[in-house]
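Residues per chain are reported as follows:
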Amino acid sequence: MSTILVVEDNAGNQELLRVLLEMAGHVVRCAETADDGIALARELRPDLILMDMHLPGMDGYEATRIIKKDADLKRIPVIAVTAISDRHDEEILSACGCDGFIAKPIDTRQVAADIAAVLERSGARNKT
Ligand code: MN
């Protein structure tokens, strides 16, 4: 069981991710803005952050850069949740520090397995 922070402003996507992750046995907390997401990350120290790239105000790219520059937060894997149109987008995600991405529209059958693989790689599963 891991604690996962979902930063997503779209209520439908946020609820979908919450349900899928809770079904997989994770503890899920949600934020709707980058500022709230960063504050919750500092408070919760989650095992994983799912980051929508398109947020009102500060976007997910900038939020990820801030997280990856923060000595206390940078080890937390950040997975972008985004529509990927081409290879160039993946390079942008990786340049701002994302550890992977989940494509929108979200594949409900695939997302728990993708997240389990990331947690496995980061060793977070053994921590909690
Ligand atoms: Mn959004």
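Here, every reference points to the structure presented above.
Residues numbered from 1 in each chain as written. Predicted model: local features only at pLDDT ≥ 70, side-chain atom pairs only at ≥ 80, totals over all residues. Heavy atoms only, no water.

Asker: Quick question: what am I supposed to make of the pattern of salt bridges here?
Answerer: One side chain can pair with another of opposite charge once the charged atoms of both are near each other. Counted according to the given criterion, the structure contains eight salt bridges. The closest approach of N and O atoms between Arg 18 and Glu 22, which form a salt bridge, is 3.4 Å. One end of the pair is Arg 18 and the other is Glu 22, both in helix H1 (residues 11–23) and four residues apart, which spans about a single turn. By relative accessible area, which is 23% here, Arg 18 ends up partly exposed. For the salt bridge of Asp 70 with Arg 42, the shortest nitrogen-to-oxygen distance reads 2.8 Å. Taken together, the residues Asp 70 in the loop between helix H3 (60–69) and strand E4 (78–82) and Arg 42 in helix H2 (residues 34–44) connect sequence positions 28 residues apart. Its relative accessible area of 14% is what places Asp 70 among the buried residues. The structure contains a network of salt bridges with shared partners spanning Glu 8, Asp 52 and Lys 104. (Salt bridge = Lys/Arg side-chain N within 4 Å of Asp/Glu carboxyl O. Helix = DSSP H or I, 4+ residues; strand = E, 2+ residues; numbered from the N terminus. Buried < 20%, exposed > 50% of the residue type's maximum accessible area, 1.4 Å probe, protein only.)

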